[in-house]
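Next come the chains, spelled out residue by residue.
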Number of protein chains: 2
Amino acid sequence: MSHDLFIRNVRPMARSAADVHVQAGRIAAIGPDLPVPAGVEVLDGAGAILTPGLVEAHTHLDKSLWGMGWRPHDAGPRLIDKIDNERRLKKLINIDPARQSARQVVQSSRMGSTAIRSHVDVDTEIGLWGMEGVLKTRADYADIMDIDIVAFPQSGLMIRPGTAELLDQAMKMGADVVGGLDPCAIDRDPKGQLDVVFGLAERYGKPVDIHLHEGGTMGAFSMELIIERTRALGMAGKVTVSHAFCLGDPDPALVDPLIAALAELDIAIMTTGPASRPAPPVAKLAAAGVRLCSGSDGIRDTWGPYGNADMLERAMFLGLRNNFRKDEEVELAFDVVTHGGARVMDLAGYGLDIGCVADLLIVPGAAITEAVVSRPANRIVIKRGRVVARDGAVLREAP
Amino acid sequence: MSHDLFIRNVRPMARSAADVHVQAGRIAAIGPDLPVPAGVEVLDGAGAILTPGLVEAHTHLDKSLWGMGWRPHDAGPRLIDKIDNERRLKKLINIDPARQSARQVVQSSRMGSTAIRSHVDVDTEIGLWGMEGVLKTRADYADIMDIDIVAFPQSGLMIRPGTAELLDQAMKMGADVVGGLDPCAIDRDPKGQLDVVFGLAERYGKPVDIHLHEGGTMGAFSMELIIERTRALGMAGKVTVSHAFCLGDPDPALVDPLIAALAELDIAIMTTGPASRPAPPVAKLAAAGVRLCSGSDGIRDTWGPYGNADMLERAMFLGLRNNFRKDEEVELAFDVVTHGGARVMDLAGYGLDIGCVADLLIVPGAAITEAVVSRPANRIVIKRGRVVARDGAVLREAP
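Residues numbered from 1 in each chain as written. Chains lettered and ligands numbered in written order. Predicted model: local features only at pLDDT ≥ 70, side-chain atom pairs only at ≥ 80, totals over all residues. Heavy atoms only, no water.

1. Regarding the overall build of chain A
- The secondary structure content of chain A amounts to 11 helices and 16 strands.
- Relative to the globule expectation of 21 Å for 399 residues, the C-alpha radius of gyration of chain A, 21 Å, shows essentially globular dimensions.
- For chain A, the spread of C-alpha atoms along the three principal axes comes to 65 × 45 × 40 Å.
- Residues counted as buried form 61% of the 399 residues belonging to chain A.
- Surface summary for chain A: the accessible area is close to 13,700 Å², and the carbon and sulfur share equals 52%.
- Across chain A, the centroid of the 43 positively charged side chains sits 3 Å from that of the 52 negatively charged ones. (Helix = DSSP H or I, 4+ residues; strand = E, 2+ residues; numbered from the N terminus. Rg over C-alpha atoms; globule rule 2.2 N^0.38 Å. Buried < 20%, exposed > 50% of the residue type's maximum accessible area, 1.4 Å probe, protein only. Areas by Shrake-Rupley, 256 points an atom, 1.4 Å probe, with all protein chains shown as cover. Lys, Arg positive; Asp, Glu negative; His and termini not counted. Charge placed at Lys NZ, Arg CZ, Asp CG, Glu CD.)

So this is what it looks like as structure tokens:
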């Protein structure tokens, strides 16, 4: 469904006041003092900032515990502890991917996101339950959210025979991206895993998005293997490395050659701006021409209690992590959670230009940076020209 | 002023439901199904969590830009750039310490804090303007906030002759704590500065709270000098080191002896949980028996745009920085922003026991951890038995 709407008195990207005329879900006109067309719903922007919709470019819709009541966290300290704990709990407490993804999508819409890339677990215990659930939510909530699905071997690929075949099925079912995970640390066979992942990407003509938590020289080695395959297969512009903690290593001799290769092959980096881990340096990567996006990662799941799906807050986390204090620096963080995500997800018609899809956020503030640090609750969210969330109230309720 | 109040149906520290009878500003009774006394205001807690008031144990009330309109940030990258930029702007844009401290105190009260330790700039350009302003706010807003004042040589002590005399005057005016700042990196004369700071503390019988941003071996050296003076002067339990980034150094050979000495001499550590700097390891320090507190540090000041004076959010930052995921870990972060701050500020009668001062926070949540990660806006804040903030509305308005 596409909608008509006239938005009065907003400040595109915090600049001077303008009106916006949306026709059939797209921006037909944007500028000061536009004539109000007859018979069209008029929305008063009250001088607030207008931006494109926020982009949640890395999350796990299939396994949030949102709305399931409080559950104390007790997984062990290692990555594998959390993976095993989660797989065990999924059926035990019925973390239903359809229900839970719908809940998170509604919360994301409330906070201003209009597009989501979700990794979805595929493994030999729960099979394609996650895929089925998120595909259902993608169809059911298409009026409020665009959802990109990454088929994600969370529990390992080479260490779990049968997973490659399930990933293949997931691609046939409608996954948009082939996922991967720590080819050394978790899968113990980096060549094996990456050949399967890139093989699937080649077969289905789809991009790749790999979780890489590995730090230091091990992470750099895995990233080199990803870079080599991206080059060999002509997949420039089609690969994302998520987390990429190794880029936060203090040794420039380790990091700089990686950054040069990422820029050369247009490999994108996803960072959540983690406070407790070495993290990719956002300003340095952007200056080198590397595409960047961000995401909430898991929200209130068995991994940890944090998260509210607010990508404006995520921009603040990026700013805090990268010691961004100047407005232009915080605006870079905001660019990462908007245009950056759109570039990584290859969202057609994203932006505030004439002809762009009217996926919009209206949020109070004197400057983009003020909106980021204040994170006001009184936001208006517009999807294809229709108001889908306003001051916390949402068009579509969660199950 | 002290007040009577009956609070019905709250869950002390998220445990089972209880009522609280406050008489003359103190907890007279707390337990299940208390009889409602005649003629006393009754507050329905609706099953929310009851905790002691949050403690903002490190901020700068005198120089927030809160409510002064948005101001783009443009200070240079070094610490000294920010110090010089701020001193230059104070008179230029009239960052009036009385007005600005009042604004921040009201915001702090709104978010649930009932006690604040504020460092207040003392230097040879603005003199005691900051002291006068915050002392006025302390008197004017005594009904909603207890304020502890640290006389703080922000611009350096040894590099600015005349500052020591101003600090002496500040102590006479009513400062509660002697402050200091980076004795090597800023003041270039660690022995000189620390002898002045500890000398003033001895003369006035007051505690010390020193900003120590210095990292690595330089920070460890300064901390050793602080430790030596604490021991020599018998000031165990009277010294706080704020920030203490050097404790986040990855080398245990550097850090562990410092931690042992901090525990031995009961020297407290203040950490904001900074995402972009090495930070004191909260769990390790707590396990060693070191007292910890936290604070917002500067809120929307010339140093940077962040901050909202929410110590519940600060607990979340501590959790994120320290990779706290289990409930018991996040509860430690919450302890730091409540009892931890109270221990550092030596607040008499702090807590939920009978006889304690009724400085309280009522906040929805199934668990302390849920309150920390959700940071609900619908809080009730009570100061000496009187409701001073509720759902964002405050008893005392800001100027």
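2. Things to note about empty space enclosed by the protein
- Under the criterion given, the structure shown has 2 cavities of 30 Å³ or more.
- Space inside the largest cavity adds up to approximately 50 Å³.
- Forming the boundary of the largest cavity are A:Leu65, A:Arg71, A:Pro72, A:His73, A:Asp74, A:Asn85, A:Leu89, A:Asp301 and A:Thr302.
- Its residues placed into classes, the lining of the largest cavity shows 3 nonpolar, 3 polar and 3 charged.
- Estimates place the volume of the second largest cavity at around 40 Å³.
- What lines the second largest cavity is simply B:Arg71, B:Pro72, B:His73, B:Asp74, B:Ala75, B:Asn85, B:Leu89 and B:Thr302.
- Taken together, the residues of the lining of the second largest cavity sort by class into 3 nonpolar, 3 polar and 2 charged. (1 Å grid on protein atoms, 1.4 Å probe; cavity = no way out; pocket = protein on both sides within 12 Å on 5 of 7 lines; lining within 4 Å. Points joined across faces, edges and corners; volume = space filled by probe spheres on them. Nonpolar A, V, L, I, M, F, W, Y, C, P; charged D, E, K, R; others polar.)

3. Re the interface of chain A and chain B
- At the interface, 34 residues of chain A touch 34 residues of chain B.
- Summed over both sides, the interface of chain A with chain B buries roughly 2,900 Å², with 59% coming from carbon and sulfur.
- For the chain A face of the interface with chain B, the top three residues by lost area are A:Trp70, A:Tyr306 and A:Arg325, together amounting to 26%.
- Here chain A is connected to chain B by 2 salt bridges.
- There are 14 residue pairs in polar contact (both at pLDDT 80 or more) connecting chain A and chain B.
- Contributing elements (two or more residues each) for the side of chain A that touches chain B: helix H9 (311-321), helix H10 (327-345) and helix H11 (368-374) of chain A.
- When residues of the side of chain A that touches chain B are assigned to their parent elements, the largest contribution, 6 residues, is made by H9(A). (Contact = heavy atoms within 4.5 Å. Buried area = accessible area lost by both parts, 1.4 Å probe. Salt bridge = Lys/Arg side-chain N within 4 Å of Asp/Glu carboxyl O. Polar contact = N/O pair within 3.5 Å; in protein donor to acceptor, adjacent residues only side chain to side chain.)

4. Examining the side chain of A:Lys383
- Mapped onto the elements, A:Lys383 comes out in strand S14 (residues 380-383).
- Setting aside anything within four residues of it in sequence, one finds A:Lys383 in contact with A:Thr114, A:Asp143, A:Ile144, A:Met145, A:Asp146, A:Ala358, A:Asp359 and A:Val388.

5. Here's the deal with the pattern of salt bridges
Residue and element names in this part refer to chain B.
- In total, this model carries 54 salt bridges over all chains according to the counting rule given.
- Note that Arg160 is salt-bridged to Glu125, the shortest N-O span being 3.6 Å. Of this pair, Arg160 sits in the loop between strand S7 (146-152) and helix H4 (163-173) while Glu125 is found in the loop between strand S6 (113-121) and helix H3 (129-140), placing the two residues 35 residues apart along the sequence.
- The closest approach of N and O atoms between Asp168 and Lys172, which form a salt bridge, is 2.5 Å.

6. Looking at the pairing of strand S9 (residues 208-212) of chain A
All names here are of chain A.
- Most of S9 sits inside the fold, with 5 of its 5 residues counted as buried.
- Residues of S9 alternate between two faces, with Val208, Ile210 and Leu212 on one and Asp209 and His211 on the opposite face, all of them buried.
- Sheet analysis places strand S8 (residues 177-181) next to S9, joined by 4 bridges and oriented parallel. Counted as the bridge partner of Leu181 is His211 from S9.
- For the handedness criterion, the β-α-β arrangement of S8, helix H5 (residues 190-204) and S9 is classed as right-handed.
- In this sheet, strand S10 (residues 239-243) lies alongside S9 in parallel orientation, the contact comprising 5 bridges. The residue of S10 that forms the bridge with His211 is Ser242.
- With helix H6 (residues 216-232) bridging S9 and the parallel S10, this β-α-β connection has right-handed handedness. (Pairing = 2+ DSSP bridges. Right-handed = clockwise from strand over helix to strand, strands pointing away.)

7. Topic: the packing of aromatic side chains
- Applying the stated criterion across every chain yields a total of 1 aromatic pair over all chains.
- Lying over the aromatic face of A:Trp129, A:Lys91 brings its terminal NZ or CZ to 5.1 Å of the ring centre. (Phe/Tyr/Trp six-rings, centres within 6.5 Å; stacked < 30°, edge-to-face > 60°. Lys NZ or Arg CZ within 6 Å of the ring centre and 35° of its normal.)

8. What to know about the relation of the copies chain A and chain B
- Superposing chain A onto chain B takes a rotation of 180° combined with a translation of 0.0 Å along the rotation axis, leaving an RMSD of 0.0 Å. Such values leave the two copies arranged in the relation of a two-fold axis. In terms of proximity to the rotation axis, the leading residue of chain A is A:Ala275, whose C-alpha is 2.2 Å off the axis. (Least-squares fit on C-alpha atoms with pLDDT ≥ 70 in both.)

9. Regarding the domain arrangement of chain A
Residues and elements named next belong to chain A.
- Each domain of chain A was delimited in the assignment, giving domain 1 (5-52 + 351-389) and domain 2 (54-345).
- For domain 1 versus domain 2, the separation of C-alpha centres amounts to 30 Å.
- On the domain 2 side, the residues contacting the 24 residues of domain 1 number 23 residues.
- Both faces combined, the contact of domain 1 with domain 2 buries some 1,800 Å², and carbon together with sulfur accounts for 64% of it.
- Among the residues domain 1 hides against domain 2, the three largest losses belong to Val372, Arg379 and Lys383. Together they make up 29% of the total.
- Linking domain 1 with domain 2 are 5 salt bridges, by the criterion used here. (Domains from an automatic or database assignment.)

10. A closer look at the nonpolar core
- Counting residues in each nonpolar core, the largest one holds 165 residues, and the members touching the most others are A:Met223, A:Leu247, A:Ile269, B:Met223, B:Leu247 and B:Ile269.
- Residues within four places of B:Ile269 in sequence aside, it is in contact with B:Met223, B:Val241, B:Ala244, B:Leu247, B:Leu262, B:Pro280, B:Leu285, B:Val290, B:Arg291, B:Leu292 and B:Cys293. (Core = buried A, V, L, I, M, F, W, Y, C linked by side-chain atoms within 4.5 Å.)

11. Considering the sheet that holds S10(A)
All names here are of chain A.
- The 8 strands are arranged S5-S6-S7-S8-S9-S10-S11-S12 in an open sheet whose pairing can be described as parallel. Every interior strand has two partners, whereas the edge strands, strand S5 (54-59) and strand S12 (292-293), have only one.
- In this structure, strand S6 (residues 113-121) lies alongside strand S7 (residues 146-152), joined through 7 bridges in parallel fashion. When the sheet's bridge partners are listed, Ile116 is paired in S7 with Ile147.

12. Section: the pairing of strand S10 (residues 239-243) of chain B
- Taking burial as the measure, the 5 residues of S10(B) include 5 buried ones, the bulk of the element.
- Once you follow S10(B) into helix H7 (residues 252-264) of chain B and on to strand S11 (residues 268-270) of chain B, the crossover reads as right-handed.

13. Section: the sheet that holds strand S13 (residues 360-363) of chain B
Residues and elements named next belong to chain B.
- Pairing in this open sheet of 8 strands is mixed, and the strands run S3-S2-S1-S4-S13-S14-S15-S16 from one edge to the other. Strands with a single pairing partner mark the edges of an open sheet, and in this sheet they are strand S3 (26-31) and strand S16 (393-394).
- One ladder, built from 5 bridges, connects strand S2 (residues 18-23) with S3; its direction is antiparallel. Its bridge partner lying in S3, Gln23 is registered against Arg26.

14. A word on the layout of surface pockets
- Taken as a whole, the second largest pocket encloses approximately 960 Å³ of empty space.
- Taken together, 32 residues line the second largest pocket, and the ones lying closest to its centre are A:Arg375, A:Ala377, B:Arg375, B:Pro376 and B:Ala377.
- Residues that form the lining of the second largest pocket fall into these classes: 10 nonpolar, 8 polar and 14 charged.

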